[in-house]
Amino acid sequence: MFFSKKIEPIALDIGSTFIKLVQLKGSNRNYQLMKFGMIPLPPEVIVEGAVMDAGRVVDAIKELLAAHKVATKEVVISVSGSSVIIKRVSVADMTDEELAESIKWEAEQYIPFSIDDVNVDFQKLGAGATEGQADVLLVAVKKDKINDYVNLVKEAGLDPVVMDVDAFALANMYELNYDIEAGTTALLNIGASVMNINILKDGMSIFTRDITVGGNRYTEGLQRDFGLTNEDAEKVKRGESVEGADKDQISAVMSSVTEDIVAETQRSFEFFRSTTGSEQVSRVFVSGGCALIGHFTSILSERLEIPVEVANPFKNVKIDPKKFDAAIIEESAPLCAVAVGLAIRRPGDR
Ligand SMILES: Nc1ncnc2c1ncn2[C@@H]1O[C@H](COP(=O)(O)OP(=O)(O)OP(=O)(O)O)[C@@H](O)[C@H]1O
Ligand SMILES: [Mg+2]
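Description of the structure in this document. Note that the structure is a prediction, hence the values are computed from the model and not measured.

### Some words on the overall build of the protein
Then, number 1: Counting its secondary structure elements, the protein contains 10 helices and 16 strands.
Then, number 2: Dimensions along the principal axes, computed over C-alpha positions, put the protein at roughly 65 × 55 × 40 Å.
Then, number 3: Buried positions account for 40% of the 350 residues belonging to the protein.
Then, number 4: Here the analysis covers contacts within the protein between residues at least 6 apart in sequence; of these, 65% occur between residues at least 24 apart.

### Digging into the sheet that holds strand E1 (residues 10-14)
Then, number 1: If you walk across this open sheet you meet the six strands as E10-E6-E1-E2-E3-E16, and the pairing is mixed. In the strand order of this sheet, the two ends are held by strand E10 (159-165) and strand E16 (317-318), each with one partner.
Then, number 2: Bridging between E1 and strand E2 (residues 18-27) involves four bridges; their strand directions are antiparallel. Paired with Ile-14 across the two strands is Ile-19, which belongs to E2.
Then, number 3: Each of E1, E2 and strand E3 (30-40) is contacted by helix H1 (residues 54-67), which is oriented at about 130° to E3, the strand it contacts most.
Then, number 4: In this fold helix H3 (residues 143-155) packs onto E1, strand E6 (74-79) and E10, with an angle of close to 150° to the strand it touches most, E6.

### Re the sheet that holds strand E8 (residues 118-127)
In any sheet, the strands associate via hydrogen bonds between backbone groups, in a parallel or an antiparallel arrangement.
Then, number 1: Taken in spatial order, the three strands of this open sheet run E7-E9-E8, and their pairing is antiparallel. Each of the sheet's edge strands pairs with one partner strand only, and the pair in question is strand E7 (84-92) and E8. Direction aside, the axes of adjacent strands within the sheet are offset by 25° on average.
Then, number 2: Bridging between E7 and strand E9 (residues 133-142) involves nine bridges; their strand directions are antiparallel. Looking across to E9, one finds that Ala-92 is bridged to Gln-133.
Then, number 3: This element, H3, spans E8 and E9 of the sheet and lies at about 60° to E9.

### Some thoughts on helix H6 (residues 230-237)
Side chains three or four residues apart in an α-helix point the same way, a direct result of the helix having 3.6 residues per turn.
Then, number 1: By the burial criterion, the buried members of H6 are Ala-233, Glu-234, Val-236 and Lys-237. Projected down its long axis, H6 carries its buried residues within an arc of 160°, all on one side.
Then, number 2: In this fold, the buried residues of H6 make contact with helix H5 (216-226) and helix H7 (247-276).
Then, number 3: In the segment just after H6, Gly-239 is the residue with positive phi, at about 95°.

### Focus: the pairing of strand E14 (residues 283-287)
Then, number 1: With four of five residues buried, E14 is to be regarded as a mostly interior element.
Then, number 2: Pairing analysis gives five bridges linking strand E11 (residues 184-190) to E14, with the strands arranged parallel. Residue pairing for E14: Ala-186 is matched across the bridge by Val-284.
Then, number 3: The pairing of E14 with strand E15 (residues 308-310) spans three bridges and is classified as parallel. Following the sheet pairing, Val-284 is matched in E15 by Val-308.
Then, number 4: A crossover links E14 with its parallel partner E15, the connecting element being helix H8 (residues 296-304), and its sense is right-handed.

### Observations regarding the packing of H1 against H3
Then, number 1: Where H1 meets H3, the axes come as close as 8 Å, and the angle between the chain directions of the two elements is 50°. Taken together, the axes of H1 and H3 are oblique relative to one another. Handedness of the crossing formed by H1 with H3: right-handed. Contact with H1, carried on its side by Ala-54, Val-57, Val-58 and Ile-61, involves Asn-151, Leu-152, Val-153 and Glu-155 of H3 and no other residues of that element.
Then, number 2: Split by residue class, the contact of H1 with H3 holds six nonpolar, one polar and one charged.

### Considering unusual backbone geometry
Then, number 1: Notably, Lys-69 is not glycine yet its phi reads approximately 50°, a positive angle.
Then, number 2: Looking at where Lys-69 falls in the secondary structure, it is placed in the loop between H1 and E6.
Then, number 3: With 7 C-beta atoms counted inside 10 Å, the residue Lys-69 sits in the exposed group.
Then, number 4: In the Ramachandran plot, Asp-202 falls in the positive-phi region, its phi being about 50° despite a non-glycine side chain.
Then, number 5: Here Asp-202 shows up in the loop between strand E12 (195-201) and strand E13 (204-211).
Then, number 6: The exposed category is assigned to Asp-202, around which 11 C-beta atoms lie within 10 Å.

About the criteria used
- Residues numbered from 1 in each chain as written.
- Chains lettered and ligands numbered in written order.
- Predicted model: local features only at pLDDT ≥ 70, side-chain atom pairs only at ≥ 80, totals over all residues.
- Helix = DSSP H or I, 4+ residues; strand = E, 2+ residues; numbered from the N terminus.
- Buried ≥ 20, exposed ≤ 12 C-beta atoms within 10 Å, placed from the backbone.
- Contact = placed C-beta atoms within 7 Å.
- Pairing = 2+ DSSP bridges.
- Axes fitted to C-alpha atoms, helices over the stretch in contact; angles between N-to-C directions.
- Arc of directions from axis to C-beta.
- Right-handed = clockwise from strand over helix to strand, strands pointing away.
- Parallel < 35°, antiparallel > 145°, perpendicular 65-115°, else oblique.
- Left-handed = near helix turned anticlockwise from the far one by under 90°.
- Nonpolar A, V, L, I, M, F, W, Y, C, P; charged D, E, K, R; others polar.

See the structure below:
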């Protein structure tokens, strides 16, 4: 008799400022935290999602695994940014098998890269606007980007079993923790260099987009205006005081960067409305490091005139207080939205 081994892979969100580790056990919105950890990366190691120093990323992954005594080899990872193209397209209705065969040729007209340079995947969304058509979410990711990230985890001794996309991980995190509400919900994950946007209608992804804006904008602004080192600018951003920078001036720089990021968000929402003909976004969940910037959610909410909430990816996750320090998890929870979304993926689950 055979028992199929149920694997709970670890999830690694390899960001440019932090690598996050999450492992969850369970199913169907009933999960328990098994592993949790984060390790910082120096700013020059991954730049705008491009791996500049693979050796140091591999070392950091190994250190993170050792620190948390991870024995699991199977890992789920993700990619994001300009190497990822996600588009809702209308195709002739066919079976999943037929679609798997033809999607590559369908994709050719929608992506700005050579079709031989990308891996193409799809997800059926339902019947299309006209009869005999189906709406499909087309996902194309550059092969060299996938290879870079796969090689990182392989070199760290891991076995990559699922490759996901940040924006989809975000939707899975949301589904795990929040009840689907009527209307249009935008999930924003604002990290250091990339903002992932996933807009859901009745719980389904209808628009996703990655834009190159994030927490680095604050750090760069502070470094430029006050001549600070990267390290000091990071401290100032977190509300610590350093010599040579006046509080009011800091606050002015921080606010002006926030206004820029908010304006970019508004532009993306307008683009969403004009391309999908949908109604206005009715509420927003923010995650990623920028969600921790004091005034961020309130300014975003004021400008958009809709409720904005910081997402808690562990809201529905059981956490054993004997194994984990609740305060540490609470503090860094918004940074772990993608990692939690990845941690509920299983090999062959879609
Ligand atoms: N407490 C805090 N206050 C303000 N900013 C913070 C705080 N903690 C982290 N950040 C900022 O958030 C960003 C890191 O967030 P996150 O971990 O989501 O990004 P990342 O995944 O590493 O980056 P990316 O996905 O863009 O490569 C950095 O710019 C960091 O300075
Ligand atoms: Mg990130």
